[in-house]
Amino acid sequence: MFELSEDTKQIQSLARDFARSEILPGAAERDRTKKYPAELVSQLGEMGFMGMFVPEEYGGFGLSVLDYVVALEEICYADAAVGVVMSVNNSLAIYPILKFGTHEQKLEYLPSMASAEKLGCYALTEPNAGSDAGSQRTKVVKDGDDYVLNGTKMWITNGPQADVCVTYANLDVEKRHKTVCAFIVETDSPGYSVGKVEPKLGISASHTSELIFEDLRVPAKNLLGEETRGFQVAMGTLDGGRIGIAAQSLGIAQRAFDLALAYSQERKQFGKPIVANQAIQWMLADMATKIDAARLLTWRAAHMKDQGDRGSRECSMAKLFASECANFCADKALQIHGGYGYSKEYEVERLYRDARITTLYEGTSEIQRLVIAKSLLTR
Ligand code: CAA
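Keep in mind it's a predicted model, so treat the numbers as computed, not measured.

Enquirer: Sorry if this is basic, but what is going on with the site of the ligand here?
Expert: Every one of the 26 residues lining the ligand counts as a neighbour, but Ser131, His177, Asp239, Glu362 and Lys374 are closest to it. A distance of 2.8 Å separates a nitrogen atom of the ligand from a polar atom in the side chain of Asp239. In this structure, Gly363 approaches the ligand through a main-chain N or O atom, which is 3.0 Å from an oxygen atom. Across the complex, the protein chains shield 78% of the 1100 Å² of accessible surface that the ligand would expose by itself. Every element with two or more residues in the shell around the ligand is listed here: β3 (146–157), α7 (230–266) and α11 (365–377). When residues of the shell around the ligand are assigned to their parent elements, the largest contribution, 7 residues, is made by α7. Looking at the shell around the ligand residue by residue, the class counts come to 9 nonpolar, 9 polar and 8 charged.

Quick look at the structure:
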């Protein structure tokens, strides 16, 4: 488990080369202009990175979760905003269709999503159902062969660009998660619209929006999984999504470390490079130790998923530790850069802002601790 296979190393190297030559150079500009990276997403699709677990029969390469986290770390090293577009498509939109969908649903949606011809999003969160995801208020009623949805979703990554939306609605809001249903929605359906696009602190090139469903008609064939078992689809999907955010966090943390190490060797004060001071060395040592620990937790969670294990606790542990590690490393990298780190002309300033989301989305650190504790107490 400590050594990646040759195949996984090749995927890592392909992702690394592409990330450093094609993604990294434009990251600062995209952060400034908030421009969605459409061209890069298409290229990632052509290379097979947008639907990594999709089996060959549905147009993908059938790669492992470990391959995915290793590749995603490399993409996020260059630009976490591009990385989250990739992560949401793979983990939150494709994965539930692959895991819970019918053969017909897989045939219809997976090939175009894996190639990035179509982009996916995952719409669970609502204005009053954030951490308490079970309190879904978007209503669904059955009408002949259709379901009709009414409600509002928010904080939806890829919201403005998505062609396919995996979403959730409740047959009876009083029964909370017990009556939630999951659906695959085509975003050009009448009654589906994109609401407010959020102005954000970081990952600015990835867009996050509200989605509004007004008498949105979804054919029964687009019910995902069993009726009233939608909450299980949502939670099962988030386990894997959380490993993706752990990988994103690792990419940010590793980049912050590399920049801090290089700067501390170049920057001279009191007649010597600042890295000659133990204060700086200890920061670097703490960063490197946390990054290694986060990577091992992430790889373990991915390995468990590849073995068919649900691994909710391990996914949450990886997400919790790696996201806090990304914030720690971005903070220390900025500290090592001193005043320059606070300037928009230095990359660590963007990393500091980009890292901040990782302890929030796909479950806050507090929710990860809750999942871990619940699993320990019911073991
Ligand atoms: N896999 C499958 N089923 C699961 C599960 C899992 N990991 N976790 C729970 N369930 C099932 C339970 O077995 C239970 O089923 P039964 O009713 O049949 O017994 C049911 O789900 C309810 O479980 P809980 O009682 O544990 O549910 P809860 O209401 O206490 O909530 C929670 C648990 C962990 C707090 C959950 O609500 C949660 O994860 N909240 C955070 C939501 C979140 O992460 N949101 C982020 C959205 S995605 C995003 O960030 C947007 C983006 O675009 C990136």
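Enquirer: What exactly am I supposed to notice about helix α3 (residues 38–47) here?
Expert: For an α-helix, 3.6 residues make a turn, and residues three or four places apart therefore share a direction. For α3, the set of buried residues is Leu40, Val41, Leu44 and Gly45. Summarising the axial view, the buried residues of α3 lie within an arc of 145 degrees, below the 170-degree limit, and thus occupy one face. With respect to the buried face of α3, the exposed residues turned more than 90 degrees away are Glu39 and Glu46.

Enquirer: Got a minute to help me understand the pairing of strand β1 (residues 120–123) in this structure?
Expert: Strand residues, when the strand is regular, have side chains that alternate between the two faces of the sheet. Alternating residues of β1 divide into Gly120 and Tyr122 and Cys121 and Ala123, and every residue in both groups is buried. Pairing of β1 with strand β4 (residues 164–170), which is carried by 4 bridges, proceeds in the parallel orientation. Residue pairing for β4: Cys121 is matched across the bridge by Cys165.

Enquirer: Can you walk me through the packing of aromatic side chains in this structure?
Expert: Geometry of an aromatic ring pair is reported as the spacing of the ring centres plus the angle between the planes. Tallied over the entire structure, the rule returns 7 aromatic pairs. Taken together, a centroid distance of 5.0 Å and an interplanar angle of 75 degrees make the contact between Phe53 and Tyr68 edge-to-face. In this pair, Phe53 is assigned in the loop between α3 and α4 (65–78) and Tyr68 in helix α4, connecting sequence segments 15 residues apart. By relative accessible area, Phe53 is classed as buried at 13%. Taking the relative accessible area as the measure of exposure, Tyr68 reaches 1% and is therefore buried. Here the aromatic cluster, defined as three or more aromatic residues joined through ring pairs, consists of Phe53, Tyr68 and Tyr95. Positioned above the aromatic ring of Tyr77 is the side chain of Arg20, whose terminal nitrogen or guanidinium carbon lies 4.0 Å from the ring centre. Between the NZ or CZ atom of Lys290 and the centre of the ring of Phe328, over which it lies, the distance is 4.7 Å.

Enquirer: Got a minute to help me understand helix α1 (residues 6–23) in this structure?
Expert: Its 18 residues give α1 an end-to-end C-alpha distance of 24 Å, which sits within 8% of 26 Å, the value for a rise of 1.5 Å per residue. Along α1, the positions that sit buried rather than exposed are Thr8, Ile11, Gln12, Ala15, Phe18, Ala19 and Ile23. Buried positions in α1, seen along its axis, are confined to an arc of 140 degrees and lie on one side of it. Away from its buried face, by an angle of more than 90 degrees, α1 presents the exposed residues Glu6, Gln10 and Asp17. The inward-facing, buried residues of α1 abut α2 (27–33), α3, α4 and α5 (80–100).

Enquirer: Mind showing me how you'd approach the nonpolar core here?
Expert: Note that soluble globular proteins tend to have their nonpolar side chains buried in a common cluster. Of all hydrophobic cores here, the largest spans 98 residues; its most connected members are Val69, Met86 and Tyr168. For this core, the leading source of residues is α7, giving 16 residues. Judged by nonpolar contacts, the second largest core, of 18 residues, contains Tyr147, Ala162, Leu211 and Leu223.

Enquirer: Honestly, the side chain of Asp354 in this entry has me stumped. Any pointers?
Expert: Residue placement: Asp354 occurs in helix α10 (residues 347–356). Asp354 sits in the buried class, given a relative accessible area of 2%. Non-local contacts of Asp354, meaning those with residues more than four positions away in its chain, are made with Ala80, Gly202, Ile203 and Ile252.

Enquirer: For this particular structure, what's the right way to read the domain arrangement of the chain?
Expert: It is common to report an interface's size as the accessible area lost on association of the parts. Domain parsing of the chain yields domain 1 (6–119), domain 2 (121–229) and domain 3 (232–378). The C-alpha-based centres of domain 1 and domain 2 are spaced at 23 Å. Facing the 25 residues of domain 1 at the interface are 21 residues of domain 2. Counting the surface lost from both domain 1 and domain 2, the interface buries some 2000 Å², and carbon and sulfur atoms represent 65% of this. For the domain 1 face of the interface with domain 2, the top three residues by lost area are Gln105, Tyr109 and Leu119, together amounting to 29%. Remark: the boundary between domain 1 and domain 2 carries 1 salt bridge. The salt bridge partner of Glu108 is Lys221, with a shortest N-O separation of 3.6 Å.

Enquirer: Honestly, the environment of Met304 in this entry has me stumped. Any pointers?
Expert: With respect to the helices and strands, the residue Met304 is situated in helix α8 (residues 278–306). The class for Met304 is buried, based on a relative accessible area of 17%. The contacts of Met304, once residues within four sequence positions are left out, are Asp309, Gly311 and Glu314.

Enquirer: What exactly am I supposed to notice about the pairing of strand β2 (residues 139–143) here?
Expert: In this sheet, β3 lies alongside β2 in antiparallel orientation, the contact comprising 5 bridges. For Val140, the partnering residue across the bridge sits in β3 and is Leu149.

Enquirer: What exactly am I supposed to notice about the pattern of salt bridges here?
Expert: When the charged atoms of two side chains lie near each other, side chains of opposite charge can form a pair. Under the counting rule described, the total for this entry stands at 24 salt bridges. The residue Lys9 makes a salt bridge to Glu6 at a minimum N-O spacing of 3.6 Å. Residue Lys9 and its partner Glu6 are located together in helix α1, separated by 3 residues, close to a single helical turn. By relative accessible area, which is 29% here, Lys9 ends up partly exposed. The residue Arg20 makes a salt bridge to Glu74 at a minimum N-O spacing of 3.6 Å.

How each quantity is defined
Along each chain, the written sequence defines residue order, and numbers are assigned to residues from 1. Given that the model is predicted, a residue must reach a pLDDT of at least 70 before its local features are reported, and side-chain atom pairs must reach 80 or more before they are shown or counted; all residues, however, enter totals for whole chains, interfaces and linings. Side-chain descriptors were evaluated using all non-hydrogen atoms of the structure, hydrogens and water having been removed beforehand. Here, proximity means that at least one heavy atom of the residue falls within 4 Å of the molecule or strand. Between N or O atoms, a polar contact is any pair within 3.5 Å; within protein, one atom must be a potential hydrogen donor and the other a potential acceptor, and residues adjacent in sequence are included only when both atoms are from side chains. All accessible areas in this document rest on Shrake-Rupley with a 1.4 Å probe, and a residue is counted as covered only by the protein chains that are shown. Helical segments are the DSSP runs of H or I of at least four residues, strand segments are the runs of E of at least two, and each set is numbered from the N terminus. Asp, Glu, Lys and Arg are counted as charged, while Ala, Val, Leu, Ile, Met, Phe, Trp, Tyr, Cys and Pro are counted as nonpolar; the rest, among them Gly, fall into the polar class. Residue burial is assigned from relative accessible area. The probe radius is 1.4 Å, only protein chains are included, and a residue is buried under 20% of its type maximum, exposed over 50%, and partly exposed in between. The arc in question is the one spanned by the directions pointing from the helix axis to the C-beta atoms. Two strands qualify as a pair provided that DSSP identifies no fewer than 2 bridges between them. Any two of the Phe, Tyr and Trp rings considered here, Trp counted by its six-membered ring, make a pair once their centres fall within 6.5 Å; the pair's planes then place it as stacked at under 30 degrees, edge-to-face at over 60, or tilted in between. Sitting over a ring, as applied to charges here, requires NZ of Lys or CZ of Arg to be within 6 Å of the ring centre and within 35 degrees of the ring normal. What a helix is expected to span follows from its residue count: subtract one and scale by 1.5 Å. The contact criterion used is simple: two residues touch if any of their non-hydrogen atoms lie within 4.5 Å. By nonpolar core is meant a set of buried Ala, Val, Leu, Ile, Met, Phe, Trp, Tyr and Cys residues that side-chain atoms within 4.5 Å join together. Each domain's extent is set by a domain assignment, obtained either automatically or from a database. Two parts placed together each lose some accessible area; with a 1.4 Å probe, that loss summed over both constitutes the buried area. One side-chain nitrogen of Lys or Arg within 4 Å of one carboxyl oxygen of Asp or Glu is enough to make a salt bridge.

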